[in-house]
Amino acid sequence: MAGSEEKQRPYARKVAVFWFVGLLVAALFILVGYAAQFFFLVFGGILFAVVINALSCFVSHKTSLSYSLSMTLVAVLILLLVGTTGWLLAPTVSRQANQLSQSLPQSFDRLKTSIASTDWGQSLLEGIPQQPSDLFSGSSSKGVLSQLTGIVSSTLGALVNVLIVIITGLYLASSPTVYRDGFVRLFTPSFRNHIREVMDKCYETIKNWFISRSISMVVVGVATSVGLAIMGVPFAIILGILAGVLNFIPNLGPYLAVAPAMLVAFPQSMSLSLYVFALYMGIQSLEGYILTPLLDKRFVSVPPALLLFGQVLLGFLVGLVGVLFASPIIAVLLIIVDELYVKDRLEHTK
């Protein structure tokens with residue numbers, strides 16, 4: 001009787017561990033669902049801290065300055081760079097942005113008129129207000145006012161989130177070893193060195209990903225602005241900046257950037273709008289088939305299909321923020337899974 005009880009204990013222990021891990025994973029998913037914004041703000045702060053830390057270490061290595069002085073110098077240089085760039089480009093960008101905000105509704109009206117000239121277009125446009133003033137007439141005015149209020153509150157919330165990310169990143173970058181060692185202490189002493197190695201690899205992955213994305217964004221933005229200017233499309237600078245910024249979102253960003261450019265070119269001619277589409281697709285093809293493979297070979301590589309699945313999943317779960325951070329999150333998860341599961345569990349048991 002005692003022997004049968006001893007045999008059942010390992011099985012009962014395995015069942016208990018299985019249910020414990022299952023409940024822990026379920027609780028983790030529930031926590032992420034309820035506190036998704038918090039986790040993404042933390043990850044954004046870590047991403048910003050990695051960038052500041054990498055630049056500070058580079059300056060410290062080249063100038064023999066202390067890390068704290070190098071970080072201060074990097075912060076000042078970033079502020080000067082952003083301020084100088086904004087001061088030089090602000091008049092042109094502001095003028096083009098205002099003109100673009102006035103031109104887009106006119107271009108959209110012309111596009112609606114062109115679509116309405118066909119039978120299928122008339123059925124498609126049924127129920128859409130024909131005049132902008134119709135949006136503010138009758139009972140729809142409350143809806144529009146509430147939408148404007150929502151836009152203002154969303155903008156303020158986004159600015160607060162950006163400020164939180166910046167402050168968090170500066171705190172983390174000021175004493176990176178303190179936070180890393182504090183996290184490592186949560187594990188057993190025999191496992192701490194391996195956790196440090198994994199964290200170092202995650203750090204290098206995030207740093208290399210940021211370098212790759214920055215180069216790609218600059219190339220796409222400059223090429224788009226030059227191409228649109230040569231073709232005679234208005235607002236070439238602001239549209240190029242928009243294309244470069246949206247290129248931060250792999251796979252989906254280019255398609256979001258081409259729509260306003262085609263809409264701006266449409267009033268001049270349909271053929272120019274098609275040429276703009278061809279320009280964007282050509283730049284994205286060069287970026288996707290030439291530039292990105294070269295950068296991935298030099299810096300970091302994320303399987304395209306896995307990246308797309310991750311963008312769809314995180315976009316479905318948490319919205320636009322999930323789409324923005326899908327690429328670095330997946331890159332880090334690949335390192336963690338490879339180091340802590342594939343190598344430690346699968347390959348180590350062979």
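Definitions and cut-offs
- Residues numbered from 1 in each chain as written.
- Predicted model: local features only at pLDDT ≥ 70, side-chain atom pairs only at ≥ 80, totals over all residues.
- Heavy atoms only, no water.
- Axes fitted to C-alpha atoms, helices over the stretch in contact; angles between N-to-C directions.
- Helix = DSSP H or I, 4+ residues; strand = E, 2+ residues; numbered from the N terminus.
- Parallel < 35°, antiparallel > 145°, perpendicular 65-115°, else oblique.
- Left-handed = near helix turned anticlockwise from the far one by under 90°.
- Contact = heavy atoms within 4.5 Å.
- Buried < 20%, exposed > 50% of the residue type's maximum accessible area, 1.4 Å probe, protein only.
- Salt bridge = Lys/Arg side-chain N within 4 Å of Asp/Glu carboxyl O.
- Phe/Tyr/Trp six-rings, centres within 6.5 Å; stacked < 30°, edge-to-face > 60°.
- pLDDT = per-residue confidence, 0-100.
- Core = buried A, V, L, I, M, F, W, Y, C linked by side-chain atoms within 4.5 Å.

Peer 1: What should I look at first to understand the packing of helix H6 (residues 176-184) against helix H7 (residues 189-231) in this one?
Peer 2: In helix packing, the relevant descriptors are the interaxial angle and the interaxial distance, both defined with respect to the helix axes. In the contact formed by H6 and H7, the axes pass within 10 Å of each other and the chain directions differ by 135 degrees. Considering the angle they form, H6 stands oblique to H7. Handedness of the crossing formed by H6 with H7: right-handed. Contacts between H6 and H7 involve Arg180, Asp181, Phe183 and Val184 on the former and, on the latter, Arg192, Ile195, Arg196, Met199 and Asp200.

Peer 1: Is there a simple way to explain unusual backbone geometry in this structure?
Peer 2: Trans is the common state for peptide bonds, and a negative phi is the common state for residues other than glycine. Residues other than glycine seldom take positive phi values, yet Ser64 does so here, at roughly 65 degrees. Structurally, Ser64 is set in the loop between helix H2 (36-63) and helix H3 (67-116). For Ser64, a relative accessible area of 69% puts it in the exposed group.

Peer 1: Where do I start with the environment of Leu286 in this structure?
Peer 2: Considering the arrangement of structural elements, one finds Leu286 in helix H10 (residues 270-298). Among the residues examined, Leu286 registers a relative accessible area of 54% and is labelled exposed. Expressed as a C-alpha distance, the spacing of Leu286 and Val220, which sit 66 residues apart in the sequence, is 9.5 Å.

Peer 1: In this structure, what is going on with the pattern of salt bridges? I would like to understand it.
Peer 2: Charged atoms that come close allow side chains of opposite charge to pair. In the structure shown here, the tally under the stated rule is six salt bridges. Linking Lys201 and Glu339 is a salt bridge whose minimum nitrogen-to-oxygen distance equals 2.7 Å. Remark: Glu339 occurs in helix H12 (residues 320-347) and Lys201 occurs in helix H7; sequence separation between them is 138 residues. Residue Lys201 is classed as partly exposed on the basis of its relative accessible area, which comes to 36%. Owing to a relative accessible area of 7%, Glu339 belongs among the buried residues under this scheme. Several salt bridges converge on common partners, so that one network encompasses Arg180, Asp181, Arg196 and Asp200.

Peer 1: What am I meant to see in the packing of aromatic side chains here?
Peer 2: Between two aromatic rings, the relevant description is the distance of the centres plus the angle of the planes. Applying the stated rule across the entire model yields five aromatic pairs. When the ring of Phe40 is compared with that of Phe325, the centres are 6.2 Å apart and the planes differ by 20 degrees; the resulting orientation is stacked. A residue pair is termed long-range when its members are at least 10 positions apart, and Phe40 in helix H2 and Phe325 in helix H12 qualify at 285 residues. Residues Phe40 and Phe325 agree in their burial class; the two are buried. Taken together, the ring pairs in this structure connect Phe40, Phe43 and Phe325 into an aromatic cluster.

Peer 1: I keep staring at the confidence of the model for the protein and nothing clicks. Help me out?
Peer 2: Detailed reading of the predicted model is not advised wherever pLDDT is low. Averaged over every residue, the pLDDT of the protein is 75; residues scoring 70 or more account for 66%. Within the protein, H7 carries the highest mean pLDDT (89), whereas helix H4 (residues 119-124) carries the lowest (54). Across residues 131-145, where pLDDT falls below 50, the model places eight contacts with residues more than four positions away in sequence or in other chains.

Peer 1: Would you mind going over the nonpolar core with me for this structure?
Peer 2: Within soluble globular proteins, side chains that are nonpolar generally end up buried alongside one another. Ranked by size, the top nonpolar core spans 20 residues in total, and within it Leu228, Val233, Leu239, Val276 and Tyr280 carry the most contacts. Contributions of two or more residues to this core are made by H7, helix H8 (236-246), helix H9 (253-265) and H10. Here this core takes six residues from H10, the largest share from any one element. Contacts of Val276, omitting those with residues within four sequence positions, involve Leu228, Met231, Val233, Ala261, Met262 and Ala265. By size, the runner-up hydrophobic cluster in this structure holds 15 residues, among which are Leu47, Phe248, Ala326 and Ile329.

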